[in-house]
Amino acid sequence: MEGSLSSAERVVKTVCQLCVGGCGMNVRLKDGEIVGVEGMKEHPLNEGILCPRGAAAADYNSSPDRLRHPLKRDGEGWKKITWDEALDTIASKLRDIKGEYGARALAVCIGMNMLLGGAATVGLLRRFLDVYGSPNYFSVDSLCFRPRIIANILTFGKFPVAVPQNSNCVILWGHNPDASSPVAARKIRHARENGAKLIVIDPRRTGIAREADIHAQPRPGTDCALALGLLNVIIGEKLYDAEFVSGYTVGFDRLAEHVKPFTPEKASEITWVPAHTIREIARVFATTKPSCIVQGYNALDQTTSGFQTSRAIAILHAITGNLDQPGGVIIASRPHLKSLRLYEHLKEKPLGEDQYPLAYSVFGRMIGEGQGMVLPDVILTGNPYPVKAMIISGSNLVVTWPNSNKIKKALQSLDFLVVMDIFMSETAKLADIVLPAATFLEASDITDMYGFNYALPYVMLRKRTTRFAESLPDGEFWLALAKRMGYGEYFPWENVDEVIEYLLEPSGLTLNLLRDEKPGGLPYGSVRYDQYKESGFRTPSGKAELYSETMKELGYDPLPAYREPLESPISTPELAQDYPLILTSGARSLGNLHSQLRNVQRLRKISPEPTAEISPTTAAEYDIRDGDAIVVETLRGVINTKARVTDDIVANVVNIPHGWADANVNLLTSEAPGDPVSGVPMLKAVLCRVRKS
Ligand code: SF4
């Protein structure tokens, strides 16, 4: 696993996990300490390049703010305790909770870093909960891109991803890859150099939007209406792939009828995008082959029509003949791993499953978790049953989940809260026990998400390169807690490496191969072009379901239907008189990642402070100048921040980034289920008002 530089220095090849990218990273070590990181040239994803976040990994890892030891609440302060005491306390408390309220009174919630942690890390946690008997596992997925996964599985029986690097027309829809996915941005620009057309749909004029052939700036939350407008033009002007439609789809006639009212003029009225631009986008997308739509990480999901927008986009790919095509959308196989789940122990489904059954399983295939947005109410009311304890790992709910005041109140009312994290987050400050987590540079696991994220059939082992104080990898924590609870018969492994070996068995891969022989990873599996021609679709009809009987049976609209945002000048005109502007949140920055990395000085320079972006016309209406201290208010709360007046944002919209504890936009947002299918909240469009401080 190591290549030598000098007698004292060595290099370990690992995977960056400071975003979903998974770039290959060379970590230089001297005397067990990290002395530098570089991009791994031979890695097919990043080809030697690290973005500023990845390049700052060593600073992040050695931050003086890191948690060093387990801590126990001691009055207003904290008492340092040993891991033994922490594990004994947690095990004892979990036994008490189970005895008094039942196993389901424990909920576990994990954030993005932990979710990216890998099959062993997440698998051990899920196995622990199975044996304990609680179905209540939640993750960042409760407010992330679950709607599009459900939408694609319902339409195609699978979740294909866009491959813009081979495309001749790329639509970036609510996507600013320069900030969220620099590796994707490089691939898109590469396609551009080869002559691909670029269309950006985003209320903000981002850097990449300035380079685009067409930039449309829709009203936040209306993307589904825009997609229906595109379908109207493509079907009305017969720009679709008639052979694919007749041979491989069901419901085309109903779809055609359904989108008739969404003329470009009608869609323009709803979305603010000019009708001629809607026509132009539709024509360019449908007539340039291959073409693909790359959705932003959450921009379309966190709306009232989140699921249906993704359904419409899936249908756009299908009827233009871009499914399973290079440069369109495709899937790549991933290694077949053993499962650590013990379903036979589970007696019930998680909270939220009754309201959002498709968010739990589609066509009998498990997506497999509850909808965490129901948790605050369940904790506060005890309805339908009490949830009394939580273990939260790598998730700063108080800052990153909507309606922060409510989630904070809910967490404060728990009998027992454990938070495992790298830093003392706003959420950790509420805990009874705080545990020091290892970073991605200090924990090993299988990285097999390249197929899922980039249709890149590749696998690599993320490796433990160093240790920090008493921090522990999450996987090791769940293994140790399981043994402390007396679950040893279900957890026969001594360490996470043994679990990785176990998981890899069906794949033909081994720990030794990934760690020692192929430390930089290896191609694994294949990309499946024209898969539907060979094996059809894993849907009830065996075809791409433009009209979904499954949706109809469940009481949802079987065709992609637009819903106005729950709060908008159209759906709630009275509220709009008091709160006339649209607040949108969640745009990414290269200088941080959700609530993380703000304590890394070199990254802080990229994104030094929280601001609220407003257009010059909107600013003038409220007598606000660039740099003014302002107050932003919604029905949920109020924050103080600084105005950034820019014509890069569409008028009447206020854009506030998330993740800042001191100007927390989630004090303003709502956890109300925006999307009725997935329960994902409407973080992209709520009503607000602004004034000078
Ligand atoms: S894009 Fe940056 S943060 Fe993301 S994995 Fe690559 S180097 Fe790390």
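Residues numbered from 1 in each chain as written. Predicted model: local features only at pLDDT ≥ 70, side-chain atom pairs only at ≥ 80, totals over all residues. Heavy atoms only, no water.

S.K.: Give me the overall build of the protein chain: which residues, what numbers.
M.R.: The secondary structure content of the protein chain amounts to 27 helices and 31 strands. A compact globule built from 693 residues should have a C-alpha radius of gyration of about 26 Å, and the protein chain, at 25 Å, falls within 12% of that. In terms of principal-axis extent, the alpha carbons of the protein chain reach across some 70 × 60 × 55 Å. Of all 693 residues assigned to the protein chain, the portion counted as buried reaches 63%. Contacts spanning at least 24 positions in sequence make up 74% of the contacts within the protein chain whose residues lie at least 6 apart. (Helix = DSSP H or I, 4+ residues; strand = E, 2+ residues; numbered from the N terminus. Rg over C-alpha atoms; globule rule 2.2 N^0.38 Å. Buried < 20%, exposed > 50% of the residue type's maximum accessible area, 1.4 Å probe, protein only. Contact = heavy atoms within 4.5 Å.)

S.K.: Requested: an account of the sheet that holds strand β14 (residues 291–295), with residues and values cited.
M.R.: Taken in spatial order, the four strands of this open sheet run β12-β11-β10-β14, and their pairing is parallel. Edge positions in the sheet fall to β12 (214–216) and β14, since each has one partner strand and no second. Taking each pair of neighbouring strands and ignoring which way they run, the sheet shows an average axis angle of 15°. The sheet contact formed by strand β10 (residues 169–173) and strand β11 (residues 197–201) spans five bridges and is parallel. Along β11, the bridge assignment pairs valine 170 with leucine 198. (Pairing = 2+ DSSP bridges. Axes fitted to C-alpha atoms, helices over the stretch in contact; angles between N-to-C directions.)

S.K.: So, the layout of surface pockets: which residues are in play, and what are the values?
M.R.: It is a probe the size of a water molecule, rolled over the atoms, that shows where empty space is left. Space inside the second largest pocket adds up to approximately 430 Å³. Lining the second largest pocket are 19 residues, and of these Arg204, Arg588, Ser589, Ser607 and Glu613 sit closest to its centre. Looking at the lining of the second largest pocket, its residues break down into seven nonpolar, six polar and six charged. Taken domain by domain, the lining of the second largest pocket gets at least three of its residues from each of domain 3 (164–327) and domain 4 (573–692). (1 Å grid on protein atoms, 1.4 Å probe; cavity = no way out; pocket = protein on both sides within 12 Å on 5 of 7 lines; lining within 4 Å. Points joined across faces, edges and corners; volume = space filled by probe spheres on them. Nonpolar A, V, L, I, M, F, W, Y, C, P; charged D, E, K, R; others polar. Domains from an automatic or database assignment.)

S.K.: Tell me about the sheet that holds strand β15 (residues 329–332), and name the residues and values.
M.R.: In any sheet, the strands associate via hydrogen bonds between backbone groups, in a parallel or an antiparallel arrangement. The three strands lie next to each other as β9-β15-β24, forming an open sheet whose pairing is antiparallel. Across the chains shown, the open sheet's two edge strands, defined by having one partner strand only, are β9 (161–162) and β24 (527–528). Direction of pairing for β15 relative to β24: antiparallel, over a ladder of two bridges. Looking at the pairing, alanine 332 lines up with valine 527 of β24.

S.K.: Pulling in residues and values, what's your account of the site of the ligand?
M.R.: Surveying the vicinity of the ligand reveals the residues Cys16, Leu18, Cys19, Gly21, Gly22, Cys23, Leu50, Cys51, Arg53, Gly54 and Pro182. Of the residues in the shell around the ligand, the class split is seven nonpolar, three polar and one charged. (Near = heavy atom within 4 Å.)

S.K.: Explain the pairing of strand β30 (residues 653–656) to me, using residue names and the numbers behind them.
M.R.: Here β30 shows no split at all, with Val653 and Asn655 on one side and Val654 and Ile656 on the other all buried. In this sheet, β30 lies alongside strand β26 (residues 581–585) in parallel orientation, the contact comprising four bridges. Following the sheet pairing, threonine 584 is matched in β30 by asparagine 655.

S.K.: An account of the domain arrangement of the protein chain is requested, with residue identities and associated values reported.
M.R.: Size of an interface: often given as the accessible area lost when the parts come together. Along its sequence, the protein chain is organised into domain 1 (2–61), domain 2 (71–140 + 370–523), domain 3 (164–327) and domain 4 (573–692). For domain 1 versus domain 2, the separation of C-alpha centres amounts to 25 Å. Taken together, the 24 residues of domain 1 in the interface contact 25 residues of domain 2. Buried area between domain 1 and domain 2, both sides added, is near 2,100 Å², and the carbon and sulfur share of it is 65%. (Buried area = accessible area lost by both parts, 1.4 Å probe.)

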